[in-house]
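Architecture and fold: a report
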Amino acid sequence: MFVVTNRNIENEDGTDFGAVGDTCNTKGPAELRLLEVTRKNGAWHVQVLRDKATDTMLADLGVTKLSQPVYASQYAFKKIFNAAMANPVKPKHVVFFVHGFNNTVEDVVVRCDKIAKAFDVVVVAFSWPANGGGIKGVADYREDKRDAQASVMAFDRVLEKARVLLHDLRATAIEQIITEIEKTGKYSPKSERFRERLTAKAREHCPIQSTLMLHSMGNYLLERTLKSTALGGNLPLFDNIVMCSADVNNPDHAEWVDRLQVRNRLYVTINEDDSALKAARLKGGEEQLARLGHWTSNLTARDAVYLDFTNAKHVGSSHAYFEGKALKNAKVKNFFAAALQGRRAEQVVSIPYDSAKNLYRVS
């Protein structure tokens, strides 16, 4: 598993979670580092990657020394692609996970591991310096919100880097496919049949779907990024976006949510009994209005698909109903499985729509 972070690196050569701190990188909050986390003999092993791939890293990819350096981001991207395509007959889809309030790197890795196993996906995480260490009060909650705001440029850089890597991968593949089709001499380059063949071959070459999953205050980081940067999230980078238990204001959310572009679906999940979001509303003062993740009114974003999990069996007061007891409910589990695989989940699971409230009700 790979974790991209703007947290401070406490020990470049560390092999456990103590290698990473709880504050922003001392070189600045926009500074990014990559962690490769593996499981060895039942214990987590953490490696802080150098900016340029080492000979050992290249050997891991089956690559010898090259004339130009391979950067850590390229190394990670290649390993993620290889993991997703390990079984070409049944490729795994990729989930980019952004956590919320009060999470250590270890918390994030454990949660991502659960997501990967529950839904058979490859998970990559972005970890910003939310303070871990148990139940937190108002001061810590507000501090995490400040850390989220400070992490905007880092998150923006991650999205841009992912866009460039995906673009380069697709562009190279498309060039090769076009050459192969032209060699057959069967189709005119301007014909509809040529385009159909190109689309089909492109799907064969890269059948992987990508989903951005944001939990709790991770959605606040997305909001601040959209409002603070030129890139924001308005590039069609992901097939699906899943805004889980969003710890952001419901009023006026459509103003920034409608800036998001996605190839397939933009999901917003709601649980009116979410105990964490009820508590969050009390922590922030007057600016802390009804939370998007626990209010079923004012659902006005043009392209968002809202889903109400409030009365779904086994959900209860859960703030993270994509894991744990909630997954005993087949509809809940099947929804998240389909959504994280880039599919039209509300159709796959046949969730009924309430036109009066503009939401789908999960039972």
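Refer to the structure presented above.
Predicted model, so just to flag it, every value in this text is computed and none were measured. Each chain carries its own residue numbering, running from 1 in the direction its sequence is written. The model is predicted, so local features are restricted to residues of pLDDT at least 70 and side-chain atom pairs to those at 80 or more, both for listing and for counting; the totals for chains, interfaces and linings are taken over all residues. Note: side-chain values were computed over all heavy atoms of the structure, leaving out hydrogens and water.

This brings us to the overall build of the chain. Put simply, DSSP H or I for four residues or longer makes a helix, DSSP E for two residues or longer makes a strand, and each gets a number counted from the N terminus. Secondary structure summary: the chain contains 11 helices and 13 strands in total. The atom set for the radius of gyration is the C-alpha atoms, and the globule formula is 2.2 Å times the number of residues raised to the power 0.38. Against the 2.2 N^0.38 benchmark of 21 Å for 363 residues, the chain shows a C-alpha radius of gyration of 21 Å, consistent with a compact globule. Taken along the three principal axes of its C-alpha coordinates, the chain extends 65 × 50 × 40 Å. The rule is simple: take the accessible area with a 1.4 Å probe, protein chains only, and divide by the maximum for that residue type; under 20% is buried, over 50% is exposed, in between is partly exposed. Every one of the 363 residues in the chain was classed for burial, and the buried ones make up 51%. Residue contacts follow a heavy-atom distance rule, with two residues in contact if any of their heavy atoms lie within 4.5 Å. Across the chain, contacts joining residues at least 24 apart in sequence account for 73% of those joining residues at least 6 apart. Accessible area for the chain stands at about 17100 Å²; split by element, carbon and sulfur atoms hold 49% of it. The charge count treats Lys and Arg as positive and Asp and Glu as negative. His and the chain ends do not count. Taken as the charge centre is NZ of Lys, CZ of Arg, CG of Asp or CD of Glu, depending on the residue. One way to put it: in the chain the 50 positive side-chain charges average out to a point 5 Å from where the 43 negative ones average out. The method behind every accessible area is Shrake-Rupley, applied with a 1.4 Å probe, and residues are considered shielded solely by the protein chains displayed.

This part takes up the packing of helix H3 (residues 105-119) against helix H10 (residues 330-340). The angle between the axes and the distance between the axes are what describe a pair of packed helices. It is at 10 Å that the axes of H3 and H10 come closest, and there the two elements cross at 100°. Classified by the angle between their axes, H3 and H10 sit roughly perpendicular to one another. Residues Ile 115, Ala 118 and Phe 119 of H3 touch H10, and the partners they reach there are Lys 333, Phe 336, Ala 337 and Leu 340. Ten residue types, Ala, Val, Leu, Ile, Met, Phe, Trp, Tyr, Cys and Pro, are classed as nonpolar, four, Asp, Glu, Lys and Arg, as charged, and the remainder, Gly among them, as polar. Residues that form the contact of H3 with H10 fall into these classes: 6 nonpolar, no polar and 1 charged. Axis lines are fitted to C-alpha atoms, over the contacting stretch for helices. Their N-to-C directions set the angle, which ranges from 0 to 180 degrees. Any angle between 65 and 115 degrees counts as roughly perpendicular, while under 35 counts as roughly parallel, over 145 as roughly antiparallel, and the rest as oblique.

In this section: the packing of aromatic side chains. In this analysis, rings of Phe, Tyr and Trp, with Trp reduced to its six-membered ring, are considered paired at centre separations within 6.5 Å, and the interplanar angle assigns stacked below 30 degrees, edge-to-face beyond 60, and tilted for intermediate values. Using the criterion set out here, one finds 12 aromatic pairs in the structure. On the basis of an interplanar angle of 65° and a centroid distance of 6.5 Å, the ring pair of Phe 97 and Phe 322 is categorised as edge-to-face. Of the two residues, Phe 97 sits in strand E6 (residues 94-98) while Phe 322 sits in the loop between strand E11 (304-308) and H10, which places them 225 residues apart along the sequence. Across this residue pair, the class does not change: Phe 97 and Phe 322 are buried. Site record: aromatic cluster; members linked through ring pairs are Phe 97, Tyr 267, Phe 309, Tyr 321, Phe 322, Phe 335 and Phe 336.

Looking now at the side chain of Asp 308. Within the fold, Asp 308 resides in strand E11. Overall, Asp 308 belongs to the buried group, its relative accessible area being 4%. At 2.4 Å, the side chain of Asp 308 forms a polar contact with the side chain of Thr 310. At 2.9 Å, the side chain of Asp 308 forms a polar contact with the side chain of Arg 361. Aside from chain neighbours lying at most four places away, what touches Asp 308 is Ile 270, Thr 296, Leu 359, Tyr 360, Arg 361 and Val 362. N or O atoms closer than or at 3.5 Å make up a polar contact, with two conditions inside protein: a donor-capable atom paired with an acceptor-capable one, and, for residues adjacent in sequence, both atoms drawn from side chains.

One non-glycine residue with positive phi stands out, namely Asn 102, at about 60°. With a phi angle near 60°, Asn 358 is a residue other than glycine that sits in the positive phi range. Relative to the helices and strands, Asn 358 is located in the loop between strand E12 (353-354) and strand E13 (359-361).

If you look at the biggest cluster of nonpolar residues, it comprises 61 residues, and the most contacted ones within it are Phe 96, Phe 126, Phe 155, Met 243 and Tyr 306. When neighbours within four sequence positions are excluded, Phe 96 is seen to be in contact with Val 124, Ala 125, Phe 126, Phe 155, Val 158, Leu 159, Thr 211, Leu 212, Met 213 and Phe 238. Nine residue types can take part in a nonpolar core, namely buried Ala, Val, Leu, Ile, Met, Phe, Trp, Tyr and Cys, and a core is a set of them joined through side-chain atoms within 4.5 Å. Membership of the second largest hydrophobic core comes to 48 residues, among which are Phe 17, Cys 112, Phe 309 and Ala 339.

Attention shifts here to the pairing of strand E1 (residues 2-5). With burial as the criterion, each face of E1 is covered, one bearing Phe 2 and Val 4 and the other bearing Val 3 and Thr 5. At least two bridges found by DSSP between two strands is the condition for calling them paired. Sheet analysis places E1 next to strand E4 (residues 33-40), joined by 4 bridges and oriented antiparallel. When the bridges of E4 are listed, Val 4 appears paired with Leu 34. As paired elements, E1 and strand E7 (residues 122-127) share 4 bridges and run parallel to each other. Residue pairing across strands places Phe 2 opposite Val 124, the latter belonging to E7.

Our next topic: the environment of Thr 179. By secondary structure assignment, the location of Thr 179 is in helix H5 (residues 152-184). Spatially, the C-alpha atoms of Thr 179 and Val 158 are 32 Å apart, while their sequence positions differ by 21 residues.

On to the sheet that holds E12, then. Spatial strand order, E5-E4-E1-E7-E6-E8-E9-E10-E11-E13-E12: 11 strands in an open sheet with mixed pairing. Two strands lie at the open edges of the sheet, namely strand E5 (43-48) and E12, each paired on one side alone. Seen against the sheet, H3 touches E1, E4, E5, E6, E7 and strand E8 (210-215) and runs at an angle of roughly 160° to E7. Packing against the sheet, H10 makes contact with E6, E8, strand E9 (240-244), strand E10 (265-270) and E11, and its axis sits at approximately 140° to E9.

Right, let's talk about helix H7 (residues 218-228) for a bit. Counting buried positions along H7 gives 8 out of 11 residues, so the element sits mostly inside the fold. Every buried residue of H7 is listed here: Gly 218, Asn 219, Tyr 220, Leu 221, Leu 222, Glu 223, Thr 225 and Leu 226.

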